[in-house]
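Next come the chains, spelled out residue by residue.
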Amino acid sequence: MDNKAPRGKHPFVQPLALGVVSAVFIILIVLMGIADIHRSEQSLIRFMEDQGRRVIGVVEKLTEENLRNMIEASQKTAGAGPVSLKDPVFTPDELLTEKIVTMGRQIDDQWKKRHLSDSYIKSFADERNLWLVAVVNDSGNVIFQSRPVGGEGTLVSGFSTGKSGQNAAGLIKILNEMNRRQEIGFMALKRRDQSGTIIIALDRDSMRYWGIRVSVERAVEKLGRGQGLVYLDIRDKNGRDLGGFGYVAPKSEPEGSRGEGVIAGIKRLSSITIHHGESGIQEIAAAFYIGDEQAGTVRLGIDRGNADEIIRKNRRSVYLFVVFVVMITLVSMFLLYHNQNRHLIGILEMTRKLDKAERLSSLGQLAAGVAHEIRNPLNAISMASQRLKREFAPVEAEKNEEFNTITTVIRDEIRRLNGIIEEFLTFSKSRRLELKENPVQDVIQKIVNLVSDEAFHHGVRIKTDWPTDSVVIPMDADKLQQALLNLVKNAVESISSTGSITIALRGEDKGFVKITIADTGCGLTPEEMERIFNPEYTTKEKGLGLGLSLAHEIIRGHGGEIQVNSKKGEGTVFEILLPAFQKQGVAA
């Protein structure tokens, strides 16, 4: 029966189960890493959104303040006289006045180039949400205007294009009347060369638009371009520009995906990431409020440079952490698998040894019983054969010779059978040791003396190698001699022709002495080495397989170990390690 431990065939954890556990754990770690990166990105986006809300809140507050101041100033300066295009503006609402003056100068420049026409004036007024733009020459006649004022189809109701300046005066009168009714507000701007007048009038809608626009522009100017802002774009509900700065990123998303929900009032704020060129921009679109009323929408872009760098570093750190944890997991799983298998192999080896010990114990008990029962008949047969040879030998010489041959065979077979019985009895008693301090060299020398003649007849030379100083250890000298003798006799029998056996002894090292028995015999295969100490295994035709088993049990009984190294066709080496001092628990 082969008792070799099935190494690696009974893993404590199945490889498939271990692989599934490892894969699940690694997937969880990767998902946690991805989730951590996503949380970091969302946290930075929320931070930029909060920053955008604060900027928008500041612009709204400044715009309200500017608009309130402008309304108060316009009420105090209602009905002011014409303003020269070359004079500086000092009115309280100077920014709005400056805007109107700038538009007047643009018209004046086109007038100098003789590019003015009714269509140009009308387009100029529509594009800038102006209620009226009128151009008056130095004779007081209205030569161009963006819309009729007064009667149907006339420039000014009740006026003709006469030689006097009544036309301009009449227009100013109508405009003043409308201003008194708070329907419009207007400014009359003298040309730089005093050769004519440009009149710009605003109704309530355009007055509100320009008031908000001027207030927004003043607020944006006061805000500045800090705080990581790339651009700022504020528009009214009709999409008309109210102010801002910077290059506004074009829409790269499908129509309706950016800002439309804010305009419709569905949500107060939306945020998207725009990759513009090599830089990233976090665009925030929000409703723009003046007081409690939504006046339009605002889009602002915040530079993501620092945020993207933080995200890249965080992503790199998370990836490194995930890789590190995955590597640790794989190594841990491998070590767990290897360690559990190693423990299982140890358990199987202990089970095998326990089974072997039980079998040996049972075999020893059986051997003792069988030997006891067989010995008495053998003694009777032996004595009968001796008496038969002594008293009943034939007288004739020829028959006497044949008679002696037969009785000799009987006596030899009885002796051989008795030897087998003695071997069984010795095997059953091999664990009962009487340990005493004895020199190892004396035991080895007795063995050499016993096998020298037999070895010589087989053509085997025995070599010895031991230290001059006596090596004394606790031993049962007879039992140890029997064990070593079995090993030496086995070595002699393994040499088919000529060869040598070397018996070496090494002194105490780490609490053990070592005896080495090396031969140049036929050697053993790995399978034979695994089974060589099994009591039921033998390679001899007439052997019982008890010799090496007996030697193994005796050496283990001394608390030692026996190891075998062999290669087929090159010989075998037995190494016996015996404790140099008596171990606790070893029978004395």
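The preceding data block contains the structure.
Q: How do you make sense of the overall build of the chain when you look at a structure like this?
A: Along the backbone of the chain there are twelve helices and 17 strands. A buried classification covers 40% of the 588 residues belonging to the chain. Taking as baseline every contact in the chain between residues at least 6 positions apart, the subset at least 24 positions apart corresponds to 65%. If you sum the accessible surface of the chain, you get close to 33,800 Å²; carbon and sulfur atoms cover 54% of it.

Q: What is the right way to read helix α9 (residues 440-457) from this model?
A: Counted at 1.5 Å a residue, the expected span for α9 with its 18 residues is 26 Å, and the 27 Å between its end C-alpha atoms agrees. The largest bend in α9 amounts to roughly 45 degrees and is located at V451. Among the residues making up α9, those that are buried are V440, Q441, V443, I444, I447, V448, V451 and A455. Elements in contact with the buried residues of α9: β11 (436-439), β12 (460-465), β13 (472-475), α10 (477-494), β14 (499-509) and β15 (512-519). In the stretch just after α9, G459 is the one whose phi turns positive, near 75 degrees.

Q: Please clarify how the packing of helix α2 (residues 94-112) against helix α5 (residues 204-223) should be interpreted in this entry.
A: The axes of two packed helices give the description: the angle between them and the distance between them. Running from amino to carboxyl end, α2 crosses α5 at an angle of 110 degrees, the nearest separation of the two axes being 9 Å. Looking at the two axes, α2 sits roughly perpendicular to α5. α2 and α5 meet at a crossing whose hand is right-handed. From α2, E94, L95, L96, K99 and M103 reach across to α5, where they touch M207, W210, V214, E217 and R218. Its residues assigned to classes, the contact of α2 with α5 comprises six nonpolar, no polar and four charged.

Q: When you look at the environment of A518 in this model, what are you seeing that I'm missing?
A: For A518, the position within the fold is in strand β15. Measuring from C-alpha to C-alpha, the distance between A518 and S500 comes to 8.3 Å, with 18 residues separating the pair along the chain. Aside from chain neighbours lying at most four places away, what touches A518 is S500, I501, T502, T572 and V573.

Q: Would you explain α10 in this entry?
A: For an α-helix, 3.6 residues make a turn, and residues three or four places apart therefore share a direction. The end-to-end C-alpha separation of α10 is 26 Å, in line with the 26 Å expected for 18 residues at 1.5 Å each. Within the sequence span of α10, burial applies to K479, L480, Q481, A483, L484, L485, N486, L487, V488, A491, V492 and S494.

Q: For this particular structure, what's the right way to read the side chain of E49?
A: Within the secondary structure, E49 is located in helix α1 (residues 15-76). The buried charged residue E49 lacks any salt bridge, with R53 as its nearest oppositely charged partner at 4.4 Å. When residues no more than four places from it in sequence are discounted, the contact partners of E49 are L269, S271 and I284.

Q: Explain the pattern of salt bridges to me, please; I cannot follow it from the model alone.
A: Opposite charge on two side chains lets them pair, provided their charged atoms get close. Counted according to the given criterion, the structure contains 21 salt bridges. Salt-bridge contacts for R39 lead to D36; the nearest nitrogen and oxygen are separated by 3.5 Å. Taken together, the residues span about one helical turn, with R39 and D36 both in helix α1 at a distance of three residues. A residue is classified by how much of its surface remains accessible, and R39, at 48% relative accessible area, is partly exposed. When the shortest N-O distance is used, the salt bridge between D193 and R191 registers 3.9 Å. Taking relative accessible area as the criterion, D193 reaches 48% and is therefore assigned partly exposed. A relative accessible area of 7% means that R191 is categorised as buried. A single network of salt bridges, built from pairs that share partners, joins D108, D109, R191, R192 and D193.

Definitions and cut-offs
Each chain carries its own residue numbering, running from 1 in the direction its sequence is written. With pLDDT at 70 or above as the cut-off, local features in this predicted model cover only qualifying residues; side-chain atom pairs require 80 or more to be listed or tallied, and sums for whole chains, interfaces and linings still use all residues. Computation of side-chain values: all heavy atoms of the structure, hydrogens and water removed. Helix and strand definitions here come from DSSP, where helices need a minimum of 4 consecutive H or I residues and strands a minimum of 2 consecutive E residues; each element is numbered from the N-terminal end. Buried means the residue's accessible area, taken with a 1.4 Å probe over protein chains only, is under 20% of the maximum for its type, while exposed means over 50%, and partly exposed covers the values in between. Throughout, a residue-residue contact means that at least one pair of heavy atoms, one from each residue, lies within 4.5 Å. Each accessible area is a Shrake-Rupley result for a 1.4 Å probe, and residues are judged covered by the shown protein chains and nothing else. To estimate how far a helix should extend, the number of its residues minus one is multiplied by 1.5 Å. Bending is quantified residue by residue as the angle between axes fitted to the seven-residue window ending at that residue and the seven-residue window starting at it. Lines fitted to C-alpha atoms define the axes, with helix axes restricted to the stretch in contact, and inter-axis angles between N-to-C directions lie between 0 and 180 degrees. In this scheme, roughly parallel covers angles under 35 degrees and roughly antiparallel covers those over 145, while 65 to 115 is roughly perpendicular and the rest are oblique. By definition, turning the near helix anticlockwise from the far helix through less than a right angle yields a left-handed crossing, and turning it clockwise yields a right-handed one. Think of it as three bins: nonpolar holds Ala, Val, Leu, Ile, Met, Phe, Trp, Tyr, Cys and Pro, charged holds Asp, Glu, Lys and Arg, and polar takes everything else, Gly as well. Just so you know, the count uses Lys and Arg for positive and Asp and Glu for negative, and it drops His and the chain ends. Salt bridges, as used here, are contacts in which a Lys or Arg side-chain nitrogen is within 4 Å of a carboxyl oxygen on Asp or Glu.

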